[in-house]
Amino acid sequence: MSSFPELTVLAATPLVGAVVVLLLPRRGRSVVKPMALGISVLTLALAGVVAARYEPGAGFQFSEEHDWISVFGAHYALGVDGIGLTLILLTTLLTPVVMLASWHDGEGGRWSVNTFFAWMLGLEGLAVGVFAATDVFLFYVLFEATLIPIYFLIGGYGGSQRSYAAVKFLLYSLLGGLLMLASVVGLYVVSARVGEPTYLLSELREIPISESTGRWLFLGFFIAFAIKAPMWPVHTWLPDAASEATPGTSVLLVSVLDKIGTFGMIRFCLQLFPEASQWASPVVIALAVFSVIYGALLAVGQNDIRRLIAYTSVSHFGFIVMGIFAFTTTSASGSTLYMFNHGISTAALFLVTGFLVSRHGSKMISDYGGVQKIAPVLAGLFLLAGLSSLSLPGLSTFVSEFLVLAGTFTHSVPAAVVATLGIVLAALYILLMYQRTMTGPLRPDNAGIRDLNLREVGALAPLAVLILALGFFPRPLLDVIEPTVSETLVYVGVTDPEPDVPVSALDEEAP
Amino acid sequence: MTLPMQPEFTSPVIEYSRLYPLLIVFGVAAVGVLVEAFLPRDRRYLVQVVLAVLGLGGALAGTILVAADLDVAAGDLTARGLVAAEGAVSIDGPTVFIWGVLLALSILSVLLFAERRLEGGITAFAGQAAALPGTEAERQASTRGIEHTEIFPLAMFAVGGMMLFPAANDLLTMFVALEVLSLPLYLLCGLARRRRLISQEAAVKYFLLGAFSSAFFLYGIALVYGYAGTFTLAGIDRAVTDRVGGQNLLLAGMGLMAVGLLFKVSAAPFHAWTPDVYQGAPTAVTAFMASCTKIAAFGALLRVFFVGFGGAQWDWRPMMWIVAIITMVVGSVVALTQTDIKRMLAYSSIAHAGFLLVGFAGVFEGSSGYTGITSLQSILFYLTAYGFATVGAFAIVTMVRDAGGEATHLSRWAGLGKRSPLLAGVFAFFLLAFAGIPMTSGFIGKWSVFSAAWSGGAWPLVVVAVVMSVVAAFFYVRVIVLMFFSDPVGEGPTVAVPSALTGIAVAVTVAATVVLGVVPGPVLDLAQEAGSFVR
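Residues numbered from 1 in each chain as written. Chains lettered and ligands numbered in written order. Predicted model: local features only at pLDDT ≥ 70, side-chain atom pairs only at ≥ 80, totals over all residues. Heavy atoms only, no water.

## What to know about the overall build of chain A
Rule in force here: Where helices and strands are cited, they refer to DSSP runs of H or I of at least four residues and of E of at least two residues respectively, numbered from the N terminus. Each radius of gyration is computed over the set of C-alpha atoms, and the globule rule expresses the reference value as 2.2 Å times the number of residues to the power 0.38. Exposed residues in this analysis have more than 50% of their type's maximum accessible area, buried residues have under 20%, and partly exposed residues fall in between, with area computed by a 1.4 Å probe over protein chains only. It only takes one pair of heavy atoms within 4.5 Å for two residues to be counted as in contact. All accessible areas in this document rest on Shrake-Rupley with a 1.4 Å probe, and a residue is counted as covered only by the protein chains that are shown. Positive residues here are Lys and Arg, negative ones are Asp and Glu, while His and the chain termini are left out of the count. Taken as the charge centre is NZ of Lys, CZ of Arg, CG of Asp or CD of Glu, depending on the residue.
Across its full length, chain A carries 20 helices and two strands. Computed over its C-alpha atoms, the radius of gyration of chain A comes to 22 Å, within 12% of the 24 Å expected for a compact globule of 511 residues. If you line up chain A on its principal axes, its C-alpha atoms span 70 × 65 × 40 Å. For chain A, buried positions account for 63% of its 511 residues. In chain A, of all internal contacts separated by at least 6 residues, the share reaching a separation of at least 24 is 81%. A total accessible area of about 17,100 Å² is found for chain A, and carbon and sulfur atoms account for 67% of it. For chain A, the distance from the average position of its 24 positive side-chain charges to the average position of its 34 negative side-chain charges is 18 Å.

What follows is the structure in C-alpha cells.
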C-alpha cells in the first residue's frame, strides 16, 4: 500500500475542476474553456505518471483502502490492474480530445457553457473512480452516479429529440442498475453469512457461493453490464442517445461509459462468479455473435450517420463480449485491447463526422456527396477513422479483432466463423458511407463546406497517431493487459486449450 | 369486630428521569393552550413559536441525555433500556432513536408552520376556521389579518402522541397515544387558508376513515385481550409463544390490529385517504404528517409485531408480504398517472411505505454477535432518510406559487429549472433521493431494507421491490424532466422567497440527505446501538 493516494488525486482532480468551472463567472467564456481543457490535460498527465510507475503483472497497485460504511462492509478501496489502467488511460486521453473538439458545442444548449464543461469533467472523475474501484459497493455507487452527468449532457445539449433520448437512456440504465443492486445486496447477504460482511473484491473472491445463488447474482450483474455495453436485445437506447447527443457526448458515452459494461463483465462477472460465467458462456457467446451480425446489418441500412456509428458499436461490443466469454488469454487480452482501440477509433469517427455535420447541418448520408474535393483533410481523417473501424491491417483495431477471433477459434469454431462475417459487413457499412458522402461529384449544396481548422485537426491528431502507432506496435499496451487477463482467467478456472499440434512436434519436423 | 384486611397501598413508580422528554412536550402543549387563553392576539404568534421550538428542542436535548445512559436490559443481550411507568411505556434503544428523529423533524415542521412571508405576512392557516368559506365573516377575518395560533399547541399534542405511540408497552396506552396523535392532525388538516373546501374535505375524510381504523384497532385489542388475558406486550408474547387457547381469536385480533396500524403508515389497501388528505391539508401539515406520522406508526407496528406477536411471525409474515407487494405496486404505478405534485408525493409516500414493509416482512433480527444489518436497524435508518427528504420536498412545494396560492399542478412546474435553478436543483435532489440514486440518503435506505429482507430470506420480495423501484424512478425522473427540459407554459409560477424559517428547514433537510447518503455510518451505528426492543 502506497502512502500517497495517487488514484484519489487522479479521480478528484476533474471533480474539483468541475466545481471550479461551475463557479467561474458565466460571462468569462474565454477563461472557462481553456480552464476546463487545462484541468483535463492535467488529469491526463497524472494518469501518465501512474501508468509510468505501474509494474505489469504485479496485481493491484496504488491500492488505497479505508472503511466507509462498516455495517455494510463497504470500503473506500481503489487500485488498478492492467485492465483498469488501460481504461483509465482511455478516459483521461479522450476527455481533453473531446473538449477540444466540442469547443462550441456547449453554446446552443439549455444551460451555460460552464455547466457543459463541468458535467464533462464530473463525468471524467466518476469514470476514473469506476475503473479504479476495488470494492463492489463503491463501484456500484460510482457506476450509478455516472448516469447523472451523462443524462444532463444528452438532455441539455443536443438535437431536437434529446429529451426523449435522455429519458430512454436513463430508464434503461436505471433498470440495469437496480437489477445489479439486487445482486449487490445478495453479495452482502452471502458474505454476512460467512462472517463479517465485506464488499472488497479481494475478499469476495475467496467466499464460496452456492451454485444456484451464484447464477442468480451473476444474472443481475450481467444484465446490467449488457445494457451498458450494449448488447442485443437491450441496445435500443444507444442509437437514440448517440444520434441526439452532441458528438462529444456520444464519444464519452460510447467510448468511455459503455466500456464500464465490458469492464464490469471481466472484473466482476468473471472473478466473482466463475462457475456461473462458465455456465452462461454458451448463451452469452451466442448473444454476442448475434450482436456482431445484427449491429453490422443495421449499420449497413442506416441513413443517419450517428445512428450508423452507434450500430457499428453494437457490433464491436459483440466482439468484445465474445472475446471475454471465450475464456482464452488471447481472446480476453484482445477484448481488453479492443476496448481501448474501439474507444479511440469510434471517438475519431464520431468527432470527424460531427465536424462534417456541424458544417452542413444534416445528419443524413444522402445529403452529402463529393465532399473530399473541397475538404480533403476532413475526408482523409474520415477515411482513416473508418478504416480503423473496419479493422484494416496496420491500424490498431485490427490487432485486437484478430486476437479476439483467434482466441475464440480455439474455444468455439462456429462462433468465430460467424463473427468473422461481421468484418465483411464492417467493410460494407464503412466504405458505403464514405463513398456516398465523400466521393463522386460534389453536390451543389455541399459547396459551402470548409475544411477542418487547426483546432479540429488538433483534436483528431492524437487519435490518428494512436490508431497508427498501436496498429504497428501494440506491445506496450498488451504487456500491461496480458498478465492481468491471465490472472483473471485463473479465477475462472480455465486454462488455454492445448494446441492440436504441440510446439515440440513442430520442432522435430523442422529440418 | 375486625375490619377486613386492607391491601397495602403502594404508589406507582414513575421514572421521571427517563420520561421527561415526553412530559416536556405535553407540558409545553398545555402551556400553549394557556397562552391562547390569556395573551392578547397580536402577541401569541411569537410566544407560541418560541415556546414550541424551545419545548421541542428541550425534549430533543433530553432525549439525547436519556439515550446516553440507557442500561443494558436485564436478561437480554441485545436490548438496552427499561419498561417504565408501571409497564405502560418502554424506554429502550428504538424508542429514543425514534424520539430523536421525530423531534428533529417536528422542529423543522414547526418552522414551516410559522412561515409568514410566503402568504404576505400571515401564516398559511385559516384566519378563522369557524367562518364558512366564501362568507362575509371569512372576508373580515382575512382583512383583519387574524390567524389561528392554536396550530402550535395542536402540533405539540400530536408530537406528544407520536412519541408515546411507538413507546407504548401495553395496548391501551398505545390506543390512547394513537388518538392523541390523530385528533390534532384531523383538525390541522382542515385549516388551510387557501382552497378551504378541499382542505375541509380532506379533514372530514381523514377523520372518518381514521375513526374507522381506530375502531378496527380497538376491536383487535379486545380480541387479543380475549386471547391473552393481558394488555402488556410481554404478556401477549408469552401467551402467543405458549399457544394458549383458540388460535382464531389471536389471528382475528392480529389482523384487525394490523389494519389500524397499516392505515396509519398508509399501506395499501388502507391507503385511500393518503392522496386526498396530503393534497388538501396545508402543505406544512402534509410535511409534518407524511414524515412524523409514518415514523411513529412504523415504530408502533414494529413493536407490536416484533415484541407482542413475534412468536406468531409465521402466521403474519405471509400477510405482510402481500401487503408490502400491493403497497409498492399501488404506490409506484398509480403515481405515474398523477398530475398534482402533492398527490404524486402522496403516492410516493405510499410506495415508500411498501419499501419499508419489505424490510419489516423480512423479520431479520440477527443473533447477539451479528454485526450486519437487521430489520429494525434498516427501518430506523430508512425512516430517518425518508423523513428528512419528505419535509424538504414539501417545503419546496410551499415556495412555488402563483396568484391562487401554491401552484401544485404539475404542468405549472414546467421549466422551473430555468426560472430558479437552485430551487429546482434542490427539488430534483430530493426526488433523486426518493428514487434511491446513490450518493443520496434514499439509496442507503433502500439498500439497508433490501439487505435486511434478503437476510431474512425474503429475496423474492427484494426482486419485486427492485422492479418497483424502477417504476417509481420513472415518475420522479418525469418531474425532473419537466423542470429542466420543458419550457414554461404561459406565465408560469413564481418562486417566492421565503423567510429564514423555511430556508433553515430546506437547508437542514438537504444537508441531512447528503450526509446520510455519503457518510451514513454514524447514523447506521446509532440505529445498531439502539439494539432491539425491551420486553
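Having put the structure on the table, let's press on.
## A short note on the overall build of chain B
A tally of regular secondary structure across chain B gives 20 helices and five strands. Relative to the globule expectation of 24 Å for 535 residues, the C-alpha radius of gyration of chain B, 23 Å, shows essentially globular dimensions. Counting only C-alpha atoms and orienting by the principal axes, one finds that chain B spans roughly 85 × 65 × 40 Å. Within chain B, the proportion of its 535 residues that are buried is 62%. Looking at chain B alone, contacts between residues at least 24 apart form 80% of all its contacts between residues at least 6 apart. When the accessible surface of chain B is summed, it comes to about 18,700 Å², and 69% of that surface belongs to carbon and sulfur atoms. For chain B, the centre of its 29 positive side-chain charges and the centre of its 30 negative side-chain charges are spaced 9 Å apart.

## Thoughts on the packing of helix H13 (residues 305-325) of chain A against helix H14 (residues 329-360) of chain A
If you want to describe how two helices pack, look at the angle between their axes and the distance between the axes. Residue and element names in this part refer to chain A. We apply this condition: Between N-to-C directions, angles span 0 to 180 degrees; the directions come from axes that are lines fitted to C-alpha atoms, helices contributing only their stretch in contact. Just so you know how the angles are binned, under 35 degrees is roughly parallel, over 145 roughly antiparallel, 65 to 115 roughly perpendicular, and the rest oblique. When residue character is reported, Ala, Val, Leu, Ile, Met, Phe, Trp, Tyr, Cys and Pro are called nonpolar, Asp, Glu, Lys and Arg charged, and the others, Gly included, polar.
Where H13 contacts H14, the two axes come as close as 9 Å, and the packing angle between them is 175°. Here H13 is positioned roughly antiparallel relative to H14, judged by the angle of their axes. Contact with H13, carried on its side by Ile305, Arg306, Ile309, Ala310, Ser313, His316, Phe317, Phe319, Ile320, Gly323 and Ile324, involves Ser331, Ala332, Ser335, Tyr338, Met339, His342, Thr346, Leu349, Phe350, Thr353, Leu356 and Val357 of H14 and no other residues of that element. Of the residues assigned to the contact of H13 with H14, the class counts are 14 nonpolar, eight polar and one charged.

## Some points on helix H5 (residues 151-167) of chain B
The condition is simple: Multiplying one less than the number of residues by 1.5 Å gives the expected span of a helix.
When the terminal C-alpha atoms of H5 of chain B are compared, their 25 Å separation across 17 residues agrees well with the 24 Å that a helix rising 1.5 Å per residue should span. Among the 17 residues that make up H5 of chain B, 16 are buried, leaving the element largely enclosed by the rest of the structure.

## Remarks on the packing of helix H1 (residues 16-38) of chain B against H5 of chain B
Residues and elements named next belong to chain B. Rules: The hand of a helix crossing depends on one turn: near helix anticlockwise from the far one by less than a right angle means left-handed, and clockwise means right-handed.
The contact between H1 and H5 brings their axes to 8 Å, and the two run at 160°. Of the possible angle classes, the one that applies to H1 and H5 is roughly antiparallel. In the crossing of H1 with H5, the sense of the turn from one axis to the other is left-handed. Taking contact as the criterion, the partners of Pro21, Leu22, Val25, Phe26, Val28, Ala29, Ala30, Gly32 and Val33 in H1 are, on H5, Pro153, Met156, Phe157, Val159, Gly160, Gly161, Met163 and Leu164.

## Section: the interface of chain A and chain B
Short version of the rule: Defined here as a combined quantity, buried area equals the accessible surface (1.4 Å probe) lost by two parts on assembly, summed across both. Any carboxyl oxygen of Asp or Glu within 4 Å of a side-chain nitrogen of Lys or Arg constitutes a salt bridge here.
Each partner contributes residues to the interface: chain A has 37 residues there, and chain B has 36 residues. In total, about 3,300 Å² of surface goes out of reach between chain A and chain B, with carbon and sulfur atoms giving 78% of it. Taken together, the links from chain A to chain B amount to zero salt bridges. Counting residues per element, the ones that place at least two in the side of chain A that touches chain B are strand E1 (61-69), helix H5 (136-145), helix H6 (147-156) and helix H7 (162-194) of chain A.

## Concerning a negative patch on the surface
Residues and elements named next belong to chain A. What counts is decided by this rule: Each patch groups residues whose relative accessible area exceeds 30% and which form no salt bridge, using 9 Å between like charges and 5 Å between nonpolar side chains of Val, Leu, Ile, Met, Phe, Trp and Tyr.
A contiguous patch of negative charge, built from Glu65, Asp67, Glu203 and Glu206, is present on the exposed surface. Mapped onto the elements, Glu65 comes out in strand E1. A relative accessible area of 38% places Glu65 in the partly exposed class.

## Some words on the sheet that holds strand E4 (residues 405-406) of chain B
Residues and elements named next belong to chain B. Selection criterion: Being paired, for any two strands, means DSSP has found at least two bridges between them.
Here we have three strands laid out as an open sheet, ordered E4-E3-E5, and antiparallel in their pairing. Whereas interior strands pair on both sides, the edge strands pair on one side only; in this sheet they are E4 and strand E5 (494-495). As defined by bridge partners, strand E3 (residues 400-402) adjoins E4 across two bridges and the pair is classed as antiparallel. Within the sheet, the bridge partner assigned to Arg401 lies in E4 and is Glu406.

## Regarding the pairing of strand E1 (residues 81-84) of chain B
Two faces, one strand: in a regular strand the side chains alternate between the faces of the sheet. All names here are of chain B. Where E1 lies against strand E2 (residues 89-92), four bridges are found, and the strand directions are antiparallel. Its bridge partner lying in E2, Leu82 is registered against Ile91. Counted between consecutive antiparallel strands, the loop separating E1 from E2 contains four residues, among which Ala85 sits at a positive phi close to 50°.

## Digging into the pattern of salt bridges
Pairs can form between side chains of opposite charge whenever their charged atoms are close. Within this structure, the stated rule accounts for 24 salt bridges over all chains. Measuring nitrogen to oxygen at the nearest pair gives 2.8 Å for the salt bridge that ties Glu275 of chain A to Arg215 of chain A. A residue pair is termed long-range when its members are at least 10 positions apart, and Glu275 of chain A in helix H12 (residues 274-300) and Arg215 of chain A in helix H9 (residues 211-228) qualify at 60 residues. Between Glu119 of chain B and Arg194 of chain B there is a salt bridge, with its nearest N and O atoms 3.0 Å apart. One end of the pair, Glu119 of chain B, is in the loop between helix H3 (93-113) and helix H4 (136-143); the other, Arg194 of chain B, is in the loop between helix H6 (171-189) and helix H7 (196-228), with 75 residues separating them in the sequence. Classification of Glu119 of chain B as buried rests on a relative accessible area of 16%. Through salt bridges with shared partners, a single ionic network connects Glu201, Lys205, Asp276 and Arg343 of chain B.

## Details of the pairing of E1 of chain A
Examined bridge by bridge, E1 of chain A and strand E2 (residues 74-80) of chain A share six bridges and lie antiparallel to one another. Looking at E2 of chain A, one finds that Asp67 of chain A is bridged to His75 of chain A.

## Notes on the environment of Ile320 of chain A
Residues and elements named next belong to chain A. Residue placement: Ile320 occurs in helix H13. By relative accessible area, which is 0% here, Ile320 ends up buried. With residues up to four places along the chain from it excluded, the contact list for Ile320 reads Thr262, Ser335, Tyr338 and Met339.

## Some details on the packing of aromatic side chains
Keep this limit in mind: For Phe, Tyr and Trp, rings pair up if their centres lie within 6.5 Å, where Trp contributes its six-membered ring, and each pair is then called stacked (planes under 30 degrees apart), edge-to-face (over 60) or tilted (otherwise).
As enumerated under the stated definition, the model contains 58 aromatic pairs over all chains in all. Aromatic side chains Phe218 of chain A and Phe325 of chain A sit 6.4 Å apart centroid to centroid with 75° between the ring planes, which places their arrangement in the edge-to-face category. Of this pair, Phe218 of chain A sits in helix H9 while Phe325 of chain A is found in helix H13, placing the two residues 107 residues apart along the sequence. For Phe218 of chain A, a relative accessible area of 0% corresponds to the buried category. With centroids separated by 4.9 Å and ring planes inclined at 45°, the aromatic side chains of Trp413 of chain B and Phe427 of chain B adopt a geometry described as tilted.

## Some details on unusual backbone geometry
The omega torsion of the bond from Ala229 of chain A to Pro230 of chain A falls at -15°, within 30 degrees of zero and hence cis. Position of Pro230 of chain A relative to the elements: it lies in the loop between H9 and helix H10 (237-244). Looking along the chain, the bond that leaves Ala268 of chain B and enters Pro269 of chain B is cis, with omega of 0°. Relative to the elements of secondary structure, Pro269 of chain B occurs in the loop between helix H9 (247-264) and helix H10 (273-280). Phi angles above zero are rare outside glycine, and Val363 of chain B is one such case at about 40°. Along the polypeptide, Val363 of chain B turns up in the loop between helix H13 (341-362) and helix H14 (375-399). What makes Val363 of chain B buried here is its relative accessible area of 9%.

## A look at the side chain of Arg267 of chain A
All names here are of chain A. Topologically, Arg267 is positioned in helix H11 (residues 247-272). When its relative accessible area of 1% is taken as the criterion, Arg267 is described as buried. Residue contacts for Arg267: discarding those within four places in its chain leaves Phe60, Asp81, Gly84, Phe131, Ala133, Thr134 and Leu201.

## Focus on the nonpolar core
The condition is simple: Nonpolar cores were defined as sets of buried Ala, Val, Leu, Ile, Met, Phe, Trp, Tyr and Cys residues, with membership established by side-chain atoms within 4.5 Å.
Core analysis: the biggest nonpolar cluster contains 385 residues, and Phe137 and Phe325 of chain A together with Phe305 and Phe309 of chain B have the highest contact counts within it. No other element matches helix H11 (residues 283-308) of chain B, which puts 18 residues into this core. Sequence-distant contacts of Phe305 of chain B, that is, excluding residues within four places in its chain, are made with Met254, Ala258, Leu261, Gly310, Trp316, Met320 and Phe360 of chain B.

## Describing H7 of chain B
Taking 1.5 Å of rise per residue, the 33 residues of H7 of chain B would be expected to cover 48 Å, and the 46 Å separating its terminal C-alpha atoms lies within 8% of that figure. Just beyond H7 of chain B, the residue with positive phi is Gly229 of chain B, at close to 75°.

## Here we look at the confidence of the model for chain B
Quick reminder of the rule: What pLDDT reports is the predictor's confidence in each residue, on a scale of 0 through 100.
For chain B, mean pLDDT is 88; residues scoring 70 or higher make up 98% of the total. The complex model carries a pTM of 0.88, and its ipTM stands at 0.82.

## Considerations on a nonpolar patch on the surface
Together, Met439, Val514, Val515, Val518 and Val519 of chain B line one region of the surface with nonpolar side chains, adding up to about 340 Å² of accessible area. For Met439 of chain B, the location among the structural elements is in the loop between helix H16 (421-435) and helix H17 (441-455).

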